[in-house]
Structure formats: structure tokens, C-alpha cells
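An overview of the molecular structure
Listed below are the residues making up each chain.
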Amino acid sequence: MNNTPIRFDNLGHAYRPGHWVFQNYSAAVRRGSIFALLGPNGSGKTTLLKILLGALKPTAGTVAVEGRMAFVPQLFQVTFDYSVLDMVLMGRARQVGLFSQPSAQDEEAAMASLDRFGIAHFA
Amino acid sequence: MAGVFVGALFMAFVSLVVSVSDDSHLPGIAYWLLGTFVGSDAKKVAIVGIPTLCASAILMTFRWRFNLLSLGDLDARTLGVNVGALRWAVIALVSVIIASQVAVSGVVGWIGLVVPHCARMLVGPDHRRLLPTAALLGALFVLGLDDFTRAVLRAEIPVGVLSALVGTPLVCFLLWKSQGKGWGRE
């Protein structure tokens, strides 16, 4: 097992060609550590996070992530009041085919996750 | 705002067509602009039915993914959704449905604003239930309005006029009711 499951190598991103938000960023996050990313406004902290989550493709360099990523945003607002089970079920998006609906197995997995955190009664 | 701009542009095209049309075609154009089912026949049903059924069948398979899209682009993308491609596919499919319907019955407005919100109040926001419910309710609503004018009023009032008369106050009421609460199950 790799001791640095998250690695950035010469990473850089530019929203417009030539206008780099950051460049040549290399780092490795050690397993079990708490990693803080500090910097002034506009220095690319959120951009780096979006790249890490796969929501943005980096302009330069690579990101290596071992296993799966989870992200807890500071602010989360949904337009519609989905049930707790509906929300957790959305986490199965990668397992559900493009033209398919979540199966009973997906619902069971979502319920199991809720159960694990002792909040199944909110489903 | 995009709707206002696109609407204004295409209204200009409609005005252009009206201005260069032969006088004998004007009554038909006027009725089409009001939105009507007058003159419905098997050919028109086929023009509406085939594209609507095909596009709806594909849209229905995407219906759970609408939940993901409603989370916003960033969250949907981190869940593995190809947001851009899915959005364009949905816009294209909905455009096919709307174009085929408007081509035969003209402008029947307000249905798309009123019915989905009513359906959401009935079955909640999960698009797996919401989409088929809204489709069924929408069809029943329009047919009900048209039947009402024919059976009760015994007049040939264009359904587009009635849908606006019923739809406008209904949307105002729903907006007022949902202020600060979001659209949800009541």
C-alpha cells in the first residue's frame, strides 16, 4: 500500500491560455495525515480541489489518487427537498448505468451507509 | 432571461412570416398563434406522436440523472456525470418534443410552468416519479381544458388562451405559496 495516496506532480491550471492560476505545484499527502492548503484569495486553492475531485482537468501536470475521493463542502444547498435516502443514493451515480435507474441493490447500499452512521431512521 | 431573448428573436421571425403571407393564410396563422387543437387529424397526431414518444422514451431513461443535475454542475461532475453532454442531450430531446407539438397545435403556453410544480407537490422532487407524473398530468390538463371549452362553454376557444387564463393565476399562486420554502412536497 502506498504511503502517499494523493500526489500532485508539476500541476498547473489556467482558465484562459497563458493566465496561470498556479504552476509547477508538486506535493504528496501522507496516509492518515491532516493536510492543510493555505494561500491568499485567488491563489488556486479551490481550483486545486476541483482538479482533485475530477471536476476540472489540469492544464499541466498530473494528479494521482489512490482509491476513492469524498468531499464535504462548507456550504451545501439543494434546490429541491430530496429525502435523505434520495441524497445518499446519488452517491451511487458511478455504479448506475447512463440509461438505468438505481436498482434495489443500490438502495440497499445507500441504506447500509445510513445505517452505518446511525441515521437510517431519517431515510 | 435567455427565454425572453430567444422568444423575442423567434417572434420577429413569426412577424416576418405573417407580413409576407398571403391574406388567405392569415386566419390560419392567427389560430396557430393562439394555440388550438382545431383541425386535428391522424396525420397531425402522427407528427406529434412519433417524435414525442421516441424522445420521451429516451428522456425517461435519464430521469434519475435529473436529480444529479439539480445538485449543480460541480457536485454532479464530482459524482461522475458528464454534465455538458447530458444537458445538451436533454435540451435536444425536449426541443424535438416541443417543436413537434408547436408545429401542429401552435403556442399553448404555461403548461410547462404549472404542471411540473403541481406534480412535484403530489409526488415529491425525485425525478424518477416526477417525470412520468408530470407527463401524465400535463396531458390530462391540456385535454381537460380543451374538453371543458367544447363541452361546457360550447365554444371554439383556443386552448392556448384558456391555458394562459388558468395558468397565469395558478403560477402566481404557486410562487406565492412557495416563497421561502422551495418547491417541495406539501
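Each chain has its residues counted from 1, running along the sequence as written. Each chain takes a letter, starting from A, and each ligand takes a number, starting from 1, following the order in which they are written. With the structure being a predicted model, the display of local features is reserved for residues of pLDDT at least 70 and the display and counting of side-chain atom pairs for 80 or more, all residues being used for whole-chain, interface and lining totals.

Moving on to the overall build of chain A. Helix and strand definitions follow DSSP, with helices as H or I runs of at least four residues and strands as E runs of at least two, each counted in order from the N terminus. Assigned secondary structure in chain A consists of 3 helices and 3 strands. Tracing chain A from N to C terminus, the helices and strands come up as β-β-α-β-α-α. For 123 residues, the compact-globule formula gives about 14 Å, and the C-alpha radius of gyration of chain A, at 18 Å, lies well above that figure. Each of the three principal axes of chain A carries a C-alpha extent, and together these read 50 × 35 × 30 Å. Here chain A, with 123 residues, has 11% of them falling under the buried criterion. Residue pairs are scored as contacts if the distance between their C-beta atoms, which are placed from the backbone, is within 7 Å. Long-range contacts, defined here as pairs at least 24 residues apart, represent 47% of the contacts in chain A between residues at least 6 apart. Throughout, the radius of gyration refers to the C-alpha atoms, and the reference size of a globule is 2.2 Å times the residue count to the power 0.38. Put plainly, a residue is buried at 20 or more neighbouring C-beta atoms within 10 Å of its own, exposed at 12 or fewer, and partly exposed in between, counting only other residues' C-beta atoms, which are placed from the backbone.

Our focus in this paragraph is the overall build of chain B. A tally of regular secondary structure across chain B gives 9 helices and 0 strands. Mapped in sequence order, the helices and strands of chain B form the string α-α-α-α-α-α-α-α-α. Taking all 186 residues of chain B together, the buried fraction comes to 22%. Restricting the contact set of chain B to residue pairs at least 6 apart, pairs at least 24 apart contribute 70%.

Next up on the list: helix α1 (residues 45–53) of chain A. Those residues of α1(A) that sit buried are T47(A), L48(A), I51(A) and L52(A). Within α1(A), the buried residues cover an arc of 140 degrees as seen down the axis, which keeps them to one side. Think of the arc as the fan of directions from the helix axis to the C-beta atoms.

All names here are of chain A. One non-glycine residue with positive phi stands out, namely N10, at about 50 degrees. With respect to the helices and strands, the residue N10 is situated in strand β1 (residues 6–16). Assessed through the 12 C-beta atoms surrounding it within 10 Å, N10 is described here as exposed. Although it is not a glycine, N24 sits at a positive phi angle of roughly 50 degrees. The exposure class of N24 is exposed, given the 11 C-beta atoms found within 10 Å.

Our next topic: the packing of helix α3 (residues 42–61) of chain B against helix α6 (residues 83–105) of chain B. Residue and element names in this part refer to chain B. Packing of α3 against α6 brings their axes to within 9 Å, and their N-to-C directions diverge by 165 degrees. Taken together, the axes of α3 and α6 lie roughly antiparallel to each other. Once α3 is placed against α6, the crossing between them reads as left-handed. Of α6, the residues touching α3 (which contributes K44, I47, V48, P51, T52, A55, S56, I58 and L59) are V90, L93, V96, I97, S100, Q101, A103 and V104. Three classes are used: nonpolar for Ala, Val, Leu, Ile, Met, Phe, Trp, Tyr, Cys and Pro, charged for Asp, Glu, Lys and Arg, and polar for all others, with Gly counted as polar. Among the residues making up the contact of α3 with α6, the classes are represented as 12 nonpolar, 4 polar and 1 charged. Throughout, an axis means a line fitted to C-alpha atoms (over the contacting stretch in the case of helices), and angles, computed between N-to-C directions, take values from 0 to 180 degrees. Note on terminology: angles under 35 degrees are roughly parallel, angles over 145 are roughly antiparallel, angles of 65 to 115 are roughly perpendicular, and the others are oblique. Left-handed describes a crossing whose near helix is turned anticlockwise from the far helix by less than a right angle; the clockwise case is right-handed.

Quick look at the environment of T4(A) now. All names here are of chain A. Note on placement: T4 falls in the segment before β1. A residue is classified by how many C-beta atoms lie within 10 Å of it, and T4, with 13 of them, is partly exposed. Here the alpha-carbon distance between T4 and G32, two residues 28 residues apart in the chain, equals 9.3 Å. Sequence-distant contacts of T4, defined by excluding residues within four places in its chain, comprise A28, V29 and R30.

Let us now look at the domain arrangement of chain A. It is common to report an interface's size as the accessible area lost on association of the parts. The domain limits used here are those given by an automatic or database domain assignment. When cut into domains, chain A gives domain 1 (6–65) and domain 2 (84–122). Here the C-alpha centre of domain 2 of chain A lies 30 Å away from the C-alpha centre of domain 1 of chain A.

Turning our eyes to something else, we now look at the sheet that holds strand β2 (residues 19–29) of chain A. Residues and elements named next belong to chain A. A strand pair is defined by DSSP finding two or more bridges across the two strands. Spatial strand order, β2-β1-β3: 3 strands in an open sheet with antiparallel pairing. Two strands close off the open sheet at either side, each with one partner strand: β2 and β3 (60–65). When the angles between neighbouring strand axes are averaged without regard to direction, this sheet yields 25 degrees. In terms of strand pairing, β1 meets β2 through 7 bridges, oriented antiparallel. The residue of β2 that forms the bridge with A14 is W20.

Here the focus is the nonpolar core. Residues enter a nonpolar core if they are buried, belong to Ala, Val, Leu, Ile, Met, Phe, Trp, Tyr or Cys, and are joined to the set through C-beta atoms within 7 Å. If you look at the biggest cluster of nonpolar residues, it comprises 13 residues, and the most contacted ones within it are I111(B), V115(B), A134(B), V142(B) and V159(B). When residues of this core are traced back to their parent elements, those giving at least two are α7 (111–123), α8 (127–151) and α9 (159–178) of chain B. Each residue touching V159(B), except ones within four places of it in the same chain, is listed here: G35(B), T36(B), F37(B), V108(B), V142(B), L145(B) and D146(B). The next biggest cluster of nonpolar side chains, apart from the first, holds 8 residues, and it includes V88(A), L89(A), A110(A) and A76(B).

Look at helix α3 (residues 104–116) of chain A: 18 Å from first C-alpha to last across 13 residues, which is about the 18 Å you get at 1.5 Å a residue. Backbone geometry just downstream of α3(A) places G118(A) in the positive-phi region, at approximately 70 degrees. Residue count minus one, scaled by 1.5 Å, sets the expected span of a helix.

Here we come to the interface of chain B and chain A. On the chain A side, the residues contacting the 18 residues of chain B number 18 residues. Elements represented by at least two residues in the side of chain B that touches chain A include exactly α4 (63–69) and α5 (73–78) of chain B. Per-class residue counts for the side of chain B that touches chain A are 8 nonpolar, 7 polar and 3 charged.

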